[in-house]
Amino acid sequence: MKTDLVQKRESSLIDLLEQKVKECLSLAEDQYQRKFDYRAVHVNIRGRAAGQIRYENPSVSNVLPLLRFNPYLLERYKESFVEQVVPHECAHLVAYALYGIKIKPHGAEWKSLMRDLYNQTPAVTHRFDIPQKARNTFAYQCACPGLNHSLSVIRHNKILRQKARYLCKNCGNALEEG
């Protein structure tokens, strides 16, 4: 159970994040003289992703996007996270609204918005440290003497279901469990 102090700190960080979203979109609205709406801000991404913009059904033109952020990275990097990740995701929202959903996510339109509107270097990925989880891996071998390959559970299961085949980059032979 979280203490009141921990809940207040998390709440104030989320408030800061939501305020930054509003600031970034307000800046875009002033620049382009149009509204940039979104459905909600959720702080619920797990894993390596810092942020994400989601359209539930991109083929429907009036569906509002959902902005999602990583609670672990928000808590760990606080203001630095907000200052870097929120403009990145807002630039996606603005780029899709201005140029359509079919543009490249980190293409020229997005890069231009990052530089010209948000005055930031357009970086595709964040530089925050994320501790590696201990992962189950499976040993695979190829024809290379003494070379072992470790495959993730997902890749291992794809091989078992005969949905994928993985090749060694050195010898080009298929990897076999062993």
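Keep in mind that what you see is a predicted model, and the values were worked out from it rather than measured.

A. Region of interest: the environment of Ala143. Mapped onto the elements of the fold, Ala143 is located in the loop between β4 (137–141) and β5 (148–152). Given the relative accessible area of 53%, Ala143 is considered exposed. Spatially, the C-alpha atom of Ala143 lies 23 Å from that of Arg161, the residues being 18 residues apart in sequence. Excluding residues within four positions of it along the chain, Ala143 makes contact with Cys171 and Asn173.

B. Structural view of the packing of aromatic side chains. The final tally for this structure, using the stated rule, is 5 aromatic pairs. Look at Phe69 and Phe81: their rings are 6.4 Å apart centre to centre, the planes differ by 80°, and that puts the pair in the edge-to-face class. Of this pair, Phe69 sits in strand β3 (residues 66–69) while Phe81 sits in helix α2 (residues 71–99), and the two are 12 residues apart along the sequence. When the ring of Phe81 is compared with that of Phe128, the centres are 5.9 Å apart and the planes differ by 35°; the resulting orientation is tilted. With a gap of 47 residues between them, Phe81 in helix α2 and Phe128 in the loop between α3 (108–117) and β4 connect regions that are remote in the sequence. An aromatic cluster is present here, built from Phe69, Tyr77, Phe81 and Phe128 joined pairwise through their rings.

Quick notes on the rules
- Residues numbered from 1 in each chain as written.
- Predicted model: local features only at pLDDT ≥ 70, side-chain atom pairs only at ≥ 80, totals over all residues.
- Heavy atoms only, no water.
- Helix = DSSP H or I, 4+ residues; strand = E, 2+ residues; numbered from the N terminus.
- Buried < 20%, exposed > 50% of the residue type's maximum accessible area, 1.4 Å probe, protein only.
- Contact = heavy atoms within 4.5 Å.
- Phe/Tyr/Trp six-rings, centres within 6.5 Å; stacked < 30°, edge-to-face > 60°.

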